[in-house]
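# Remarks on the overall topology
Here is how the chains run, residue by residue.
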Amino acid sequence: MKKHIIIVGGGFAGINLIKSLRGDKRFRITLVDKNNYHFFPPLIYQVATSFIEASNISYPFRKLFSNDKNVSFHMGSLIRVIPESKTIETDTGNLHYDYLVLALGTESNFFGMENVQKCALPMKNIEEALYLRNHILLTLEEAARNKDIREAEKLQNIVIAGGGPTGVELAGMLAEMGGYIAQKEYPEIKLSLSNLYLIDALPSLLSPMSAMAQKTAYEKLKELGVKILLNVSVKDYNNCKVILSDGSSIETETLIWTSGVIGREVPGIPEESVGKGRRLLVDAYNKVEHTQNIYALGDLCLMLSEEKYPKGHPQLAQVAIQQGKNLAANFQRVEDEKVLHPFGYNDKGSMAIISKFNAVVDLPKHSFKGFIAWLTWLFIHIIPLIGFRSKVQLALDWFRLFITNNPSIRLILHPKRNTGETL
Ligand SMILES: Cc1cc2nc3c(=O)[nH]c(=O)nc-3n(C[C@H](O)[C@H](O)[C@H](O)COP(=O)(O)OP(=O)(O)OC[C@H]3O[C@@H](n4cnc5c(N)ncnc54)[C@H](O)[C@@H]3O)c2cc1C
């Protein structure tokens, strides 16, 4: 009897688990995802800023596994797990499993601020990135039409909440775009009115990175004209006004939220299996505590057993990839009646691009910055893309864009039927 493994979530963790098990006839694998494509979150900000197409960083699941007889795809959103009958309920039907792997990742955390949740613009997936792209372009059009100075300023102000790698990369790109594009193509806009703010509650940008990376990011973004506010947090967002913890406020139509994440809710999993940040508590083999045959991987799980990471692993792509591969090998070890291997994270370092030709790279024993770091960043972000076409296409697009400074995909698209209906 083939074991049926259901994997919910085709992100880095889910995909790497499947890649390691495809072709192994002892398993029948079903991937469940609410989207029909895998995407690459580290480059999402380039979609949001109209720099690259969404298709540059996305790949359809069915194409990815079209040659793998033991892998099938079920498009649907997880509603709940029913452990007693080893079943999952999705909005497109129920499925029965022998092993269930939960790899649903996280969602934006608004820390209970209702107005912020309602009106801020998160940027965690392709849909949100495309929405943000439309929003920025529409706001620029409105600013170009508006004759009222105060209104125009409000439209041109952009506030990014969260000074981690995503916030820093987004700020750098928006600042450069403002310089190269807005000045040339929106002559009606007075750039002196526009302000790009980057806000973080901590005393430095890129807080998980080295002091060198933090200082470089701060100085380069300042040079590009970004207003950096540290040691302050967003408290509310009301009537287009961002209220800050120091009592000050900023008027803006655009509050971009890159400030924190929380595990996706998985109804049906016992409450005692849910840890800090709504992450599912797992043992050293990624099995969810207090459950049978249910595993969690990547951003969604919290493993406290590895001595070096007593508070859990960082929510990074490499952790998800390595956990996916380790769990696949353990499923095979069970079949081979071999001893299971606990997960051990191999930290390969982290990096952030700050502006054109400038990035920071922290390797486990060495940090560097500048042009070589920028080339390293480009290389490292092309290699994991799925599909040869995506890699070549992105390399060519980047080459052209970094030379011309002028991406031409700034289209405001709202797909609709002739009845006005949207999908
Ligand atoms: C903007 C951004 C930039 C980042 N930059 C970096 C970086 O530079 N370097 C780095 O190491 N990490 C980066 N990260 C973090 C990295 O992307 C995550 O650590 C990694 O994606 C986690 O992988 P995962 O497989 O656990 O989850 P994800 O990659 O989030 O995948 C989750 C999958 O679950 C699916 N899903 C969600 N809900 C449901 C549901 N209800 N039903 C069915 N399917 C569902 C989603 O469609 C998705 O395919 C970044 C993250 C973001 C958001």
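Residues numbered from 1 in each chain as written. Predicted model: local features only at pLDDT ≥ 70, side-chain atom pairs only at ≥ 80, totals over all residues. Heavy atoms only, no water.

The protein chain goes by NADH:ubiquinone reductase (non-electrogenic) in an unreviewed UniProt entry, where it is assigned to Chryseobacterium kwangjuense. Here is the UniProt Catalytic activity (unreviewed entry) comment for the protein chain, exactly as written: "a quinone + NADH + H(+) = a quinol + NAD(+)". Looking at the protein chain in UniProt, the text filed under Sequence similarities (unreviewed entry) is "Belongs to the NADH dehydrogenase family." (UniProt positions renumbered as here; feature names shortened; annotations may be inferred.)

Attention now moves to the packing of aromatic side chains. Under the definition given, this model contains 15 aromatic pairs. A centroid spacing of 5.3 Å and a plane angle of 80° characterise the contact between tyrosine 295 and phenylalanine 331, whose relative ring orientation is edge-to-face. Taken together, the residues span a long stretch of sequence, with tyrosine 295 in strand E21 (residues 294–296) and phenylalanine 331 in helix H9 (residues 317–335) at a distance of 36 residues. Side by side, tyrosine 295 and phenylalanine 331 carry an identical accessibility label, which is buried. Here the aromatic residues Phe51, Phe357, Phe371, Trp374 and Phe402 are joined through ring pairs into a cluster of three or more. (Phe/Tyr/Trp six-rings, centres within 6.5 Å; stacked < 30°, edge-to-face > 60°. Helix = DSSP H or I, 4+ residues; strand = E, 2+ residues; numbered from the N terminus. Buried < 20%, exposed > 50% of the residue type's maximum accessible area, 1.4 Å probe, protein only.)

Its place among the elements puts glutamate 223 in helix H8 (residues 211–223). Residue classification places glutamate 223 among the exposed positions, given a relative accessible area of 61%. Measuring from C-alpha to C-alpha, the distance between glutamate 223 and alanine 175 comes to 9.9 Å, with 48 residues separating the pair along the chain.

Of all hydrophobic cores here, the largest spans 83 residues; its most connected members are Phe331 and Trp398. When residues are assigned to domains, this core turns out to be shared by domain 1 (3–108 + 261–335) and domain 2 (114–259), each giving three or more. Once residues lying within four places of it in the same chain are set aside, the contact partners of tryptophan 398 are Leu43, Gln46, Phe51, Ile52, Trp377, Leu378, His381 and Ile382. In this structure, Val8, Val32, Val81 and Val319 belong to the second largest nonpolar core, which totals 25 residues. (Core = buried A, V, L, I, M, F, W, Y, C linked by side-chain atoms within 4.5 Å. Domains from an automatic or database assignment. Contact = heavy atoms within 4.5 Å.)

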